[in-house]
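# Coordinate inspection notes
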Amino acid sequence: MTKFPERVFSGMQPTDTLHLGNYLGAMVNWIAMQETHECVYCVVDLHAITVFQDPDQLANNIREVTAAYLACGLDPKRSIIFNQSQVHEHAELAWVFNCVARMGWLNRMTQFKEKAGKDRENASTGLFVYPNLMAADILVYKGTHVPVGEDQKQHLELSRDIAQKFNNDFAASIAAHGHGDQFFPLPEPMITGPATRVMSLRDGTKKMSKSDASEMSRIALTDDSDQIAQKIRKAKTDPEPLPSETKGLEGRPEAENLVGIFAALGGTTPDAVLKDHGGAQFSAFKPALAELAVARLSPIAAEMRRLLAEPGHVDAVLADGAERARAIAAPIMRDVKDVVGLLRAG
Ligand code: TRP
């Protein structure tokens, strides 16, 4: 079996301002992975256009998500940070994968069914083949580890299926042309734990989401201190005081969510939070949570504002990242063409 060097790949869509759920659920992990791995972090703009995006807004959102990456602590010297459309190998490999993946596989994707809704006939064909592009994103770097949320697990499994089928379909050519016994690694999902699942501030049973109509349901990374405090003050709760153990959070989704956010922001556990705050009313707990949230998040918002005031810097980070990404992706794509027979080396 070929042993592939470990490489992390992940991406977020530039469709809206990032929020606390993205930060605690994904970004915190991405930042930590920089310590141990070579990481490629992408702003997946080609994924964004699978549903119509206003062009001016898209252009702004690409910069804004990049600024959020940097403000949260992704380091453009250590990691590769870029936007997907600038490295054409993503789209090129995605086409090859469109020809590897099967209709039946894509027909099973639950996210397509959700996003397309009742009007399937009117969904873009890009939305249907989106998971093939996601597989290409990862595999054009021979990525081995992919930190993603639970909702992307099925797409990751599809990426593995595509890698496996490519390796099988082209096994003879891979071997004959000196590309080892396995061309692509099977990328592993690193599913971020339930402790970091951030729920809506208006409904503890729903994920915090950029598509929720209510701004009050989420804390945006661009919110200022007053907005953060206000959203926490108004967050839905129940009338009981906090329990002193996590068992007491069962059946109390809003309480569980606020305790979970407190723990994640404070770098501790829900048990530890309840040890300190068990028995407290929300009227006392919420100001403590607001203070912690402001302390953790307002420097990020401030740094984003600073970065967005000088878009030249953000653009330079993206240009440099794209160049370094291409340096990895181009030779792999050349090998893909060799294996498939599109362009034979030598
Ligand atoms: N589909 C992912 C999402 O919506 C974003 C994404 C695109 C991605 N390509 C990726 C994530 C590759 C991980 C790896 O969240």
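Up top is the structure.
Here's what I pulled together on the structure shown here. (Residues numbered from 1 in each chain as written. Predicted model: local features only at pLDDT ≥ 70, side-chain atom pairs only at ≥ 80, totals over all residues. Heavy atoms only, no water.)

## Section: the overall build of the protein
Secondary structure assignment for the protein yields 14 helices and five strands. At 22 Å, the protein has a C-alpha radius of gyration in line with the 20 Å of a compact globule built from 346 residues. Taking all 346 residues of the protein together, the buried fraction comes to 49%. Carbon and sulfur atoms provide 52% of the accessible area of the protein, an area that totals close to 16,200 Å². Between the mean site of the 37 positive side-chain charges and the mean site of the 44 negative ones, the protein shows a separation of 2 Å. (Helix = DSSP H or I, 4+ residues; strand = E, 2+ residues; numbered from the N terminus. Rg over C-alpha atoms; globule rule 2.2 N^0.38 Å. Buried < 20%, exposed > 50% of the residue type's maximum accessible area, 1.4 Å probe, protein only. Areas by Shrake-Rupley, 256 points an atom, 1.4 Å probe, with all protein chains shown as cover. Lys, Arg positive; Asp, Glu negative; His and termini not counted. Charge placed at Lys NZ, Arg CZ, Asp CG, Glu CD.)

## So, the side chain of Thr-66
For Thr-66, the location among the structural elements is in helix H3 (residues 55–72). Taking the relative accessible area as the measure of exposure, Thr-66 reaches 0% and is therefore buried. When neighbours within four sequence positions are excluded, Thr-66 is seen to be in contact with Val-43, Ile-81, Val-314 and Leu-318. (Contact = heavy atoms within 4.5 Å.)

## Remarks on the environment of Phe-52
Summarising the element assignment, Phe-52 is placed in the loop between helix H2 (45–48) and H3. The class of Phe-52 is exposed, set by a relative accessible area of 75%. Separated by 122 residues in sequence, Phe-52 and Ile-174 place their C-alpha atoms 39 Å apart.

## A few points about the nonpolar core
If you look at the biggest cluster of nonpolar residues, it comprises 58 residues, and the most contacted ones within it are Leu-20, Tyr-23, Met-27, Tyr-69, Leu-265, Phe-285 and Leu-297. When sequence neighbours within four positions are dropped, the list of residues in contact with Leu-265 reads Leu-20, Leu-24, Leu-289, Leu-292, Ala-293, Arg-296 and Leu-297. (Core = buried A, V, L, I, M, F, W, Y, C linked by side-chain atoms within 4.5 Å.)

## Remarks on the layout of surface pockets
Each pocket or cavity is described by its volume, and for the largest pocket that value is around 1,300 Å³. Surrounding the largest pocket, 46 residues form its lining, Asn-22, Gln-111, Asp-151, Gln-152 and Lys-207 being those nearest its centre. Here the lining of the largest pocket takes five residues from helix H1 (residues 20–33), the largest share from any one element. Residue composition of the lining of the largest pocket, grouped by class: 16 nonpolar, 21 polar and nine charged. (1 Å grid on protein atoms, 1.4 Å probe; cavity = no way out; pocket = protein on both sides within 12 Å on 5 of 7 lines; lining within 4 Å. Points joined across faces, edges and corners; volume = space filled by probe spheres on them. Nonpolar A, V, L, I, M, F, W, Y, C, P; charged D, E, K, R; others polar.)

## Here we look at the environment of Pro-241
Within the element layout of this structure, Pro-241 appears in the loop between helix H10 (225–233) and helix H11 (253–266). Taking the relative accessible area as the measure of exposure, Pro-241 reaches 29% and is therefore partly exposed. In this structure the C-alpha to C-alpha distance between Pro-241 and Ala-280, which are 39 residues apart in sequence, comes to 5.3 Å. Beyond its immediate sequence surroundings of up to four residues, Pro-241 is in contact with Arg-252, Gly-279, Ala-280 and Gln-281.

## Digging into the site of the ligand
Neighbouring residues of the ligand: 13 residues in total, closest Gln-13, Tyr-130, Met-134, Asp-137 and Gln-152. One nitrogen or oxygen atom from the side chain of Tyr-130 is found 2.7 Å from a nitrogen atom belonging to the ligand. A distance of 3.1 Å separates a nitrogen atom of the ligand from a polar side-chain atom of Gln-152. Starting from 360 Å² of accessible surface for the ligand in isolation, the protein chains cover 89%. Placement of the ligand is best described as lying within the largest pocket. (Near = heavy atom within 4 Å. Polar contact = N/O pair within 3.5 Å; in protein donor to acceptor, adjacent residues only side chain to side chain. Sits in = over half its atoms within 2 Å of the grid points.)

## A closer look at the pairing of strand E3 (residues 80–83)
Of the two faces of E3, both are covered, the one formed by Ile-80 and Phe-82 as well as the one formed by Ile-81 and Asn-83. In this structure, strand E2 (residues 38–43) lies alongside E3, joined through four bridges in parallel fashion. When the sheet's bridge partners are listed, Cys-42 is paired in E3 with Phe-82. (Pairing = 2+ DSSP bridges.)

## Notes on the pairing of E2
Here E2 lies mainly inside the structure; five of its six residues are buried. On the question of chirality, the crossover connecting strand E1 (residues 7–12) to the parallel E2 by way of H1 is right-handed. (Right-handed = clockwise from strand over helix to strand, strands pointing away.)

## With respect to empty space enclosed by the protein
Empty space left among the atoms is revealed by rolling a probe the size of a water molecule over them. Tallied over the full model, the rule gives one cavity of 30 Å³ or more. Its boundaries defined by the atoms lining it, the largest cavity holds a volume of some 60 Å³. Along its surface, the largest cavity is lined by Met-109, Gln-111, Phe-112, Lys-115, Leu-127, Phe-128, Tyr-130, Pro-131 and His-155. Among the elements that make up the lining of the largest cavity, the one with the highest residue count is helix H7 (residues 125–139) (four residues). Residues that form the lining of the largest cavity fall into these classes: six nonpolar, two polar and one charged.

Function cannot be read off these values alone, since they describe shape.
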